[in-house]
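Each chain, letter by letter, is given below.
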Amino acid sequence: MPGTGRHLAVHIGGALAAVAAACALPVLMAWLLGPHWPVLLLPLGLAPLALVVLFVAKVARWMRAPVPFRVPLTTGQQRGSATLPRRRFDNPHSTFEVVIRVLLDVFLLRPLFRATPTAPRLGRGLAHGMARWLWLFAAAFHGALAIVVLRHLRMFLQPAPHFVAWLEDFDVATEMLLPKVHATSVILLLALLFLLGRRLVLVRVRYISLAADYFPLFLLLAIAVTGIVMRHLTRTDVTAVQQLALGLAAGKLVLPARADFWLLAHVFSVGTLLVYFPLSKLMHLPGALLSPTLTLANNNREQRYINARNPQVEVLHYADYEAAFRDRMIEAGLPVEKE
Amino acid sequence: MAAQRKPDQPEFYERSTLERIEYAPPPGAWPRNPVAFHHGEFLHPAKPKNLEALGLPSAHAWSPLDEDWQLPAGWQQIVLDGLRERLEGSRTLRLMMDTCVRCGACAEKCPFFIGSGDPKNMPVLRAELLRSIYRKYFTASGRILGEFAGARELTPQVIKEWFKYFFQCTECRRCAVFCPYGIDTAEFTMLGRDLLLRLGISANWVMEPVANCYRTGNHLGIQPQGIKDSLEFLADELEEVTGIRVEVPINRKGAEILFVTPSGDLMADPGTYTAMGYLALFHELGLDYTFSTYASEGGNFGLFASPELMKRLNAKIYAEAKRLGVKWILGGECGHMWRVVHQYMDTMNGPADFLEVPTSPITGTRFAHARGTKMLHIAELTADLIAHGRLKLDPARNAGVTATFHDSCNPARAMGLLEEPRAVLRAVCPNFHEMAADTIRERTLCCGGGAGLGADENMEVRLRAGMGRGKAVAQVRDACGVNTLVTICAIDRATLTTVCDYWAPGVRVAGLHELVGNALVMRGGKPRTHNLRQEPLGGEA
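We now turn to the structure provided with this report. (Residues numbered from 1 in each chain as written. Chains lettered and ligands numbered in written order. Predicted model: local features only at pLDDT ≥ 70, side-chain atom pairs only at ≥ 80, totals over all residues. Heavy atoms only, no water.)

## Focus: helix α4 (residues 91–98) of chain B
- Judged by how many residues are buried, α4(B) sits mostly within the fold: eight of eight residues are covered.
- Those residues of α4(B) that sit buried are R91(B), T92(B), L93(B), R94(B), L95(B), M96(B), M97(B) and D98(B).
- Elements that come into contact with the buried residues of α4(B) comprise α2 (41–64), α13 (284–290) and α14 (292–295) of chain A together with α3 (75–88), α6 (123–138) and α10 (185–197) of chain B. (Buried < 20%, exposed > 50% of the residue type's maximum accessible area, 1.4 Å probe, protein only. Helix = DSSP H or I, 4+ residues; strand = E, 2+ residues; numbered from the N terminus. Contact = heavy atoms within 4.5 Å.)

## Observations concerning the sheet that holds strand β4 (residues 375–377) of chain B
Residues and elements named next belong to chain B.
- Pairing is parallel in the open sheet, where four strands are placed in the order β2-β1-β3-β4. The open sheet has two edge strands, β2 (289–290) and β4, and neither has a second partner.
- When strand β3 (residues 328–331) meets β4, the two strands line up parallel, connected through three bridges. Bridge pairing links I329 to M375 in β4.
- Of the strands in this sheet, β1 (257–260), β2 and β3 are in contact with helix α15 (residues 307–324), which crosses β1 at around 150 degrees.
- Packing of helix α17 (residues 378–387) onto the sheet brings it into contact with β1, β3 and β4, and relative to β4 it is tilted by some 65 degrees. (Pairing = 2+ DSSP bridges. Axes fitted to C-alpha atoms, helices over the stretch in contact; angles between N-to-C directions.)

## Side note on the packing of aromatic side chains
Residue and element names in this part refer to chain B.
- Taken as a whole, this structure holds 33 aromatic pairs over all chains when the rule is applied.
- For the ring pair W62 and W69, a centre distance of 4.7 Å and an interplane angle of 35 degrees mean the geometry is tilted.
- On the numbers, 4.8 Å between centres and 80 degrees between planes, the contact of F259 with F282 is edge-to-face. Placement of F259 in strand β1 and of F282 in helix α14 (residues 271–285) is noted, with a sequence separation of 23 residues between them. (Phe/Tyr/Trp six-rings, centres within 6.5 Å; stacked < 30°, edge-to-face > 60°.)

## Some thoughts on the state of the cysteines
Residue and element names in this part refer to chain B.
- Across all of its chains, the model carries zero disulfides over all chains by this definition.
- The cysteine C172 is free of any disulfide, with C446 supplying the nearest cysteine sulfur at 5.1 Å.
- Taking relative accessible area as the criterion, C172 reaches 8% and is therefore assigned buried.
- Of all cysteine sulfurs in the structure, the one in C447 sits closest to C446, which takes part in no disulfide; the separation is 4.9 Å. (Disulfide = S-S within 2.5 Å.)

## As for the environment of K6(B)
- Secondary-structure assignment places K6(B) in the segment before α1 (15–19).
- Distance from K6(B) to S306(B), taken between C-alpha atoms, is 32 Å for residues 300 residues apart in sequence.

## Considerations on the packing of α15(B) against helix α16 (residues 336–349) of chain B
All names here are of chain B.
- Two numbers describe how α15 lies on α16: the axes approach to 10 Å, and their chain directions differ by 85 degrees. The angle between α15 and α16 places the two elements in the roughly perpendicular class. Contacts between α15 and α16 involve P307, M310, K311, N314, A315, I317 and Y318 from the former and V340, Y344, M345, D346, M348 and N349 from the latter.
- Across the contact of α15 with α16, the residue classes tally to nine nonpolar, two polar and two charged. (Parallel < 35°, antiparallel > 145°, perpendicular 65-115°, else oblique. Nonpolar A, V, L, I, M, F, W, Y, C, P; charged D, E, K, R; others polar.)

## Observations concerning the pattern of salt bridges
- Applying the stated criterion to the full structure yields 59 salt bridges over all chains.
- Among the salt bridges present, the one from E97(A) reaches R86(A), with a minimum N-O distance of 2.9 Å. Residue E97(A) is found in helix α3 (residues 95–107), and its partner R86(A) is found in the loop between α2 and α3; the two are separated by 11 residues along the sequence.
- Here E97(A) falls in the buried class, since its relative accessible area comes to 5%.
- On the basis of relative accessible area, R86(A) is assigned to the partly exposed category, the value being 24%.
- The partner of R304(A) in a salt bridge is D346(B), and the shortest N-O contact between them spans 3.7 Å. Pair noted here: R304(A) is in the loop between α14 and α15 (318–331) and D346(B) is in helix α16, and the two residues belong to different chains.
- The class of R304(A) is partly exposed, set by a relative accessible area of 27%.
- Put simply, R199(A), D213(A), K281(A), R102(B), E128(B), R131(B) and R135(B) are held in one network by salt bridges that share partners. (Salt bridge = Lys/Arg side-chain N within 4 Å of Asp/Glu carboxyl O.)

## A closer look at the interface of chain B and chain A
- The partner chain A presents 101 residues to the 117 residues of chain B that form the contact.
- Summed over both sides, the interface between chain B and chain A buries roughly 9300 Å², with carbon and sulfur atoms accounting for 58% of that surface.
- Remark: the boundary between chain B and chain A carries nine salt bridges.
- A salt bridge links R371(B) to E302(A); its shortest N-O distance comes to 3.1 Å.
- On the surface where chain B and chain A come into contact, there are 62 residue pairs in polar contact (both at pLDDT 80 or more).
- The leading source of residues in the side of chain B that touches chain A is α16(B), at eight residues.
- Considered class by class, the residues forming the side of chain B that touches chain A number 55 nonpolar, 26 polar and 36 charged. (Buried area = accessible area lost by both parts, 1.4 Å probe. Polar contact = N/O pair within 3.5 Å; in protein donor to acceptor, adjacent residues only side chain to side chain.)

## Focus: the side chain of E460(B)
Residues and elements named next belong to chain B.
- Considering the arrangement of structural elements, one finds E460 in helix α20 (residues 459–465).
- Separated by 2.9 Å, the side chains of E460 and R464 make a polar contact.
- If near-sequence neighbours (up to four positions away) are discounted, E460 is found in contact with Y13, L18, H38, H39 and G40.

## What to know about helix α8 (residues 156–166) of chain B
Residue and element names in this part refer to chain B.
- With nine of 11 residues buried, α8 lies mostly within the body of the structure.
- By the burial criterion, the buried members of α8 are V158, I159, K160, E161, W162, F163, K164, Y165 and F166.
- Summarising the contacts, the buried residues of α8 are in contact with α3, α6 and α10.

What follows is the structure in structure tokens.
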């Protein structure tokens, strides 16, 4: 089987081992530390700080380099003639149109939605990357993750913002239909499993996959599973956790009575994610919003784009050209500068 | 006869062989899978004289089939210094290095992958060929974790891989349409070729046109008197058909418009018929224009080599417009020329503040969307004339033509010039059918020969990359009786002729303004009995 063997073992095995360590080490440490387990909160507290510092550093590194040319990708009719129907949000011309294009392409993943089989039934056996299923599950994953992250604001803000309650109402509604089950939890898990399964099942995608592709999936699965277990299965003292978090936000230490191993695994894998985020491909979040092909207006022939590092180059000037060919130009009756 | 066929001839390849494609990747991990070359899939190396003519370093003789490519001393440092320079100079590249998640949505969108099944032709993997080196030498994780972090050493094997796969990409941007971050493989191909060029590694089919263009003003190396001869010859041919003698102004100071078109239009069929269409149209409009011999090339193979070479060639257009004192510039039918004109020219060689906003002398339309660059596409001019009813046309003369339209990659995905040529085509040709929706407009497929790949020695690659387009053409040929593929690119006119002969026999390739020239009713002259190819009207099929 292509893409299996040592390569797959190294990359999947390494990723799995790293996630297992992220979950198990804090639990082991807490068990060893016994009543001194709150010491672990110290390195954990540094994770958000690392995220901010590394994130800013990475984006700053990007921004230091200029965009040398204005190279928008056009996926529809340009603005030219007044009589021809243009596609404003495929070929944006103004800032407003660029914003809408970015909303469509980045937030609604429109490029993935474009995936249709390539007519006319090209090469036999050419599968299509599960076409729009990737769009569906990628969108579901990002949406569910966003809702879950926002719902966690309740842990840090008292009173929680209104939209948090609104998001909760949505899940409470599904809970009435299916007790003990949150729609977002199920969607998040299914989407993660799809993304992982697709990577493993499609040989082409498996062939290109690295540990850096498996690790975030395994890590998010660990976060989701530990979270779901705490929310729905164990009797984790959520109020105590909230008191701790709110206290920390206010600069006070309100410790829970005991260390909860599920909780430790959960928060330490989240901590790992926070530190890993700015060092990895997860930076596609700010990266997509900065992508020159998507975020620049296609007004090239209207407004000059300046590249501060426009290099000086050697050019063959007309005078030298004419000097080389003057006799032949005169003979052919072509006008020349110097007779 | 079969024994005499060579890998640079389409007849060498059995259709059934090319169609039998293994899409599953080979066993093993890609960074360790060796790269090999066989005849029919690689371009001839750039001749040292062409690199020397441009003052480029490390010119040397080598062959892809050699074990040792005679890389210059310190070659690794040259590559890494070059990579650092480009990364520091381009946020575009930095983002495209860092943000890819390897979702593989691009994989089967690439015409080269569709036609070959070679996993390194998946856009994501083509980019990883470079990213793996970037990670090894420019990221902490790659330095420390090596292969586990997707990093690898820069070895001669990597250089060979780059030469193979960055010359199996036409920079067509189809992959980018399906990428959620808009990652554009063209950027990687340009970077890879630029780094290779620093080692004296390039394709002759790219570097000879660049060297020619630098010296003579055009890719084909035509000297000024040759340009005149070619244009006069086309005027003679046009006179045969129309009975009208058109003037061909060259290097004329004080003209209103400088006309720039790819030199291929002047020299090679079927581009010459398109050029005859231009001459007929300009004559009938009474356009105050001039050709230039110094800026006798619209195309720019520098784009396929390095940004500096692109700038060196492109500089001639504005310089010549200034010398001749024209008001604005009109550009002919060409694909990558318009990528350069639209997205690079003003930034590199502008501002063109000595020119005026292009304004149609016939309709008075002021083309405000070109008010910076001051350069207009001929399809925009003609579409505007047609919209104002200012062209007298007899589409019945094209009744023997059943046309379909191939969107050239650059005008489609780097400009959005989609409807203008269609509006013109509908006006001049009564029978027009679109190809399948996912093979046209922004999703258009590949001619297989752009970005310097249009040679003969890499025929297998061209036929494979053109397979998708060829089959889409065959589909409308069979369903609608299409016999002509219309396109607005000089490279297309040359390379798609080969693709159609192979995958869609019976369909030929024509430029848009060839059909305009056929349909154009001109004052004076004689009744038309023949088209611009001097075939009896109606006898095209």
